[in-house]
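Remarks on the overall topology
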Amino acid sequence: MDVRCSALAVTAATAVVRRPLQPRETNVAPSTVVVGKATELKTNITARERRRRRPVKPRVLAVAVETAKVSLAEVLEKARERRGWLRASRERTECELEERAAALDREAAEWERRADEQRRFVELCRSF
């Protein structure tokens, strides 16, 4: 015998509750676990005990690493290219900053013009 009320299907004989987004045909019993943030388990382990329980890491000896053989000319060429890229980037940045400064100056001049116009209008209105 099924009794349906407000989106929950309750089977009276077995008292199984089906919530939305759960499959109807399931062999799993309803969970009693509350879903939420997991809380940290606080233990009374001191720092000294934690250090003792940590696994011991073997010490690694210095290992010689093979380096790729690159000529000095190649290194210098890469450095020159990098300097060139940085110079070009700096020039682009300076140009953009100058354009922005000019735009801000134009906008400030427009604000000043409007402020003067409003002052004159207010004085004109007061005179009448």
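Computed from a prediction, not measured in an experiment: that's the story for all the values here. (Residues numbered from 1 in each chain as written. Predicted model: local features only at pLDDT ≥ 70, side-chain atom pairs only at ≥ 80, totals over all residues. Heavy atoms only, no water.)

Okay, the overall build of the chain next. Along the chain, the regular secondary structure elements total two helices and three strands. Starting at the N terminus and walking to the C terminus, you meet the elements of the chain as β-β-β-α-α. Put simply, the chain has 128 residues, and 1% of those count as buried. Element-wise, carbon and sulfur atoms account for 57% of the exposed surface of the chain, whose accessible area totals about 13,600 Å². (Helix = DSSP H or I, 4+ residues; strand = E, 2+ residues; numbered from the N terminus. Buried < 20%, exposed > 50% of the residue type's maximum accessible area, 1.4 Å probe, protein only. Areas by Shrake-Rupley, 256 points an atom, 1.4 Å probe, with all protein chains shown as cover.)

With that out of the way, let us pick up a negative patch on the surface. A cluster of acidic residues, Glu 91, Glu 94, Glu 96, Glu 98 and Glu 99, forms a negative patch at the surface. Within the fold, Glu 94 resides in helix H2 (residues 72-127). (Patch = residues over 30% accessible without salt bridge, like charges linked within 9 Å, V, L, I, M, F, W, Y side chains within 5 Å. Salt bridge = Lys/Arg side-chain N within 4 Å of Asp/Glu carboxyl O. Lys, Arg positive; Asp, Glu negative; His and termini not counted. Charge placed at Lys NZ, Arg CZ, Asp CG, Glu CD.)

A separate point is the pattern of salt bridges. One pass over the structure, following the stated rule, counts five salt bridges. Here Glu 77 ties to Arg 80 by a salt bridge, and the two come within 3.8 Å at their closest N and O atoms. In this pair, Glu 77 and Arg 80 both sit in helix H2, three residues apart, roughly one turn of the helix. Asp 116 is paired through a salt bridge with Arg 119; the nearest N and O atoms lie 2.6 Å apart. Taken together, the residues span about one helical turn, with Asp 116 and Arg 119 both in helix H2 at a distance of three residues. Of the residues examined, Arg 119 reaches a relative accessible area of 49% and is grouped as partly exposed. Through salt bridges that share partners, Glu 110, Arg 113, Arg 114 and Glu 117 make up one connected network.

Here the chain averages 75 in pLDDT, while 56% of its residues score no lower than 70. Confidence, read as mean pLDDT per element, is least for strand E2 (residues 8-11) in the chain (45) and greatest for H2 (95). Across residues 1-12, confidence stays below pLDDT 50; counting only partners more than four residues off in sequence or on other chains, it has 21 contacts. (pLDDT = per-residue confidence, 0-100. Contact = heavy atoms within 4.5 Å.)

A surface patch of nonpolar side chains, amounting to about 370 Å² of accessible area, comprises Val 70, Leu 72, Val 75 and Leu 76. Examined against the element boundaries, Leu 76 turns out to sit in helix H2.

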